[in-house]
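# Notes for the structure review
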Amino acid sequence: MTLRNTRKKPAVTPRRAVTPTRTRRKTPLPPELPGSGNTPPPPPALRPTDTPWQRRYAGTTEGVTFHLHLRRHASGVLTGRYSVLGGHEEGFALYGGLYTDGSFLVSSRENGASFRGFVESGGALRVSLFRRGAPNAQKAFRLRHLDLLPTGPREAFRDPDAPEEAPGRPGPPRAWAGTLTGELAGTVLSLRLVRRADGSVDGTFDLRGRGGGTVRGVVGEEDVLTLDARYTTGPREGQRRTVHGTLTHRNDEIVLSARWLGGDEPYPFVARHLHEGTAPLPHIPGSAEHTPGALPKPLPKYSLPALKEPDFEAQFQDVAGRLGVPAHLLLALMLFESWLDPQAVSGGSGAHFGLIQFGREALTDLRTRRSHLTPDQVRLLPRRPEGFRDLSAVQQLPYVEAYLRQHGVPEAVERAREGGREITLEHLYFSVLGGHTRVADRAVWAARDAEDPDERLRYTQNDGLDSDGNGTIEPVEAADILRLRWRNVFGTNLDERALHLRDVGTARRPRAKYDPRYRDPLPLHTAARSVTPEEDDDTTATRDREQEARLRLVPEEELRRIRERGEIGAVIGSLDGVEAYYNGKNEGGGVHYSSDGKKYRFGYRWQCVEFVRRYYYTALNHSFEKLGNAVDYYDPGTEDATLNIDRGLTQFSNGSRSKNARPGRGDLIVFAPSPANGGYGHVAIVVSCSNKELTVAQQNVGTGFTQTFQVVVVNGSWRISGGVLGWLRKGE
């Protein structure tokens, strides 16, 4: 007897077919990570907040009482400590995040514990799983259904990463490209990676003798890298793996400490990329090293409404950075399309509106291809093009970014980067004028005698762009009108080609004519400087400070020998006569005390805290009464440029606007907890600082005694890259 499935299938409502008005290339979606085995699915995004807070929790289950102290940072990162009643008195450091779906995950590198669960509407934490120890360990300890209730109100704390503390925020994350190599499971792994300004990463991998393929992923908070690797060659063709680890920038070296997940077992590995002077990492447009300055000011006779909105400039710079587009080119595009007026209406058809003249087709694209918009942005999207007039310039910026992404700008940026240059004005303009950046690659955009009637119509409607009168409009000719408007509004020339443009039109209808023999007397545009004149002493002052610092470096050959032989305690450098020692993989050992008979405690041998305490005691005659981990040297409850009572030093928060905020030699700089430092944080001593970069001396970072970080100074606010919380100074 044959059994048949008699269950009825649910009725399927047919979808109404949507006929696109014109064919465009669909943006490829990132590959999905497998959700089984050792390959974890990608977590939801962190949930940011405008009001960072800290709170204490307690809960009891199965006779065990837990106490948690959590801090929620503006980015959505959670840090804090936890302890068990009757257990470790100081508790264990926690690091994790609060996500957009209401879930949270915090874990401790000190004892392998982790809390996973959801935040209840009343503020309680419902822990669905607490685990301590490796998942498969015999002594692993697990608890389920633990409720942690608040033991006090939420308290605000000063989060150095909060946006309101950095009105002149630095540019997007550092962008680079290079090959990282290391040993994995007895063979050589090569990762050819490109990290863009928005944090996305893609590239290829090669596992010598075992195949290779493609990788795609993202660099998240604290430089945590997650990649989806797909084999395209070799015996594992079609299989996927996950790379999860932390990127560290050490001077000119990029180090990836990660695990290769998804096979028979997880394989740890370390891959490095050394930037040689003869082969520099290619510049990627939009990288932090080329952070754009303030937007230019128009001539008095012009009024540009968007520039008058308080938050427009900061958010505009963010959009340009995420796209990898020079800010002045994006500004030129908006200037030509709408005079930077969010209520602008096209003078001809009256069917296009807003900053980049959104029409019906653009609105359809935004509605049907939503991957670049948040749910709130989708909800606010107008139903008809004229609805853009009801949105401010700031509210329109997300739709500008989404439109440009849909119409080829990221691809054009990548192609330009591969050629060692930035995206051109022509490619950016034709994402709007021609529907895609690829149109700018054509030799001719429109011709008077073209066989295609649509092309002839384009020429008739835009014959004023035919500057040489030869009956064709080239993409570069079409973009010249943008260059001409920029010159008229801002009084500078947008680029080198603009210097050779004559205005041969009328006041009501300007017309650009390219003449290589002509040179306009107005200057070439350069981005406004981001520092005040009194701060611009980096060249001389930095050289003088570095000479005074008495910094001694150990030759690289000697450092390599120290690493190969594992010489724990070997000297790796010195600052002001205070030596730093090699610690291997935290192998220094017991507590180190002063030898002057006072038994002053420096700390555990060759940790970062030990070097900092020894430097302050020896070189600056300053002692710290209170002990603690590296992160404990920065007090989030201390106001900017005031005394940190526990340390006896003046404390400056990252992004400080104090007149004395500029870091100086001997300052103690504190880094936030991250997976790279095991959740303890990190401390170092400032060697020198200019308005472009800061150099520190440190211990317990392998043989990397010195390290340099980017500095961004905007409107007197000093902000240091690399997860810096702040710095402390003696004698203020």
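Residues numbered from 1 in each chain as written. Predicted model: local features only at pLDDT ≥ 70, side-chain atom pairs only at ≥ 80, totals over all residues. Heavy atoms only, no water.

### Concerning the pairing of strand β1 (residues 53-61)
Using the following cut-off: Partly exposed describes any residue whose relative accessible area lies between the buried limit of under 20% and the exposed limit of over 50%, with all areas from a 1.4 Å probe on protein chains only and scaled to the type maximum. Every helix listed is a DSSP run of H or I at least four residues long, and every strand listed is a run of E at least two residues long, numbered separately from the N terminus. Note on pairing: DSSP must find at least two bridges between two strands before they are called paired.
Along β1, 7 of the 9 residues are buried, which leaves the element largely enclosed by surrounding structure. Here β1 pairs with strand β2 (residues 64-72) via 9 bridges, running antiparallel. What sits directly across from Gln 54, in β2, is Arg 71. Where β1 lies against strand β9 (residues 146-150), 2 bridges are found, and the strand directions are antiparallel.

### Some points on the sheet that holds strand β25 (residues 578-581)
What counts here: An axis is simply a line fitted to the C-alpha atoms; with a helix, the fit covers only the stretch in contact. Between two such axes, the angle follows the N-to-C directions and lies from 0 to 180 degrees. When checking whether two residues touch, look at their non-hydrogen atoms; a contact exists if any pair is within 4.5 Å.
The strand order β23-β24-β25 describes an open sheet built from 3 strands, whose pairing is antiparallel. The two strands at the open ends of the sheet, each matched to only one other strand, are β23 (551-553) and β25. The mean angle between the axes of side-by-side strands here comes to 20°, regardless of whether they run parallel or antiparallel. Direction of pairing for β23 relative to strand β24 (residues 571-575): antiparallel, over a ladder of 3 bridges. Directly across from Leu 551, in β24, lies its bridge partner Leu 575. Against the sheet, helix α12 (residues 608-619) makes contact with β24 and β25, and its axis sits at roughly 170° relative to β25, the strand it touches most.

### Examining the confidence of the model for the chain
Note the following rule: As a per-residue measure, pLDDT tells how confident the predictor is, with possible values from 0 to 100.
Here the chain averages 77 in pLDDT, while 79% of its residues score no lower than 70. Within the chain, the lowest mean pLDDT, 42, falls on helix α10 (residues 538-548), and the highest, 96, falls on strand β30 (residues 668-671). In this model, residues 161-173 is a region of pLDDT below 50 whose contacts with residues beyond four sequence positions or in other chains number 36 contacts. Counted against residues more than four places away or in other chains, residues 527-549, with its pLDDT under 50, gives 39 contacts.

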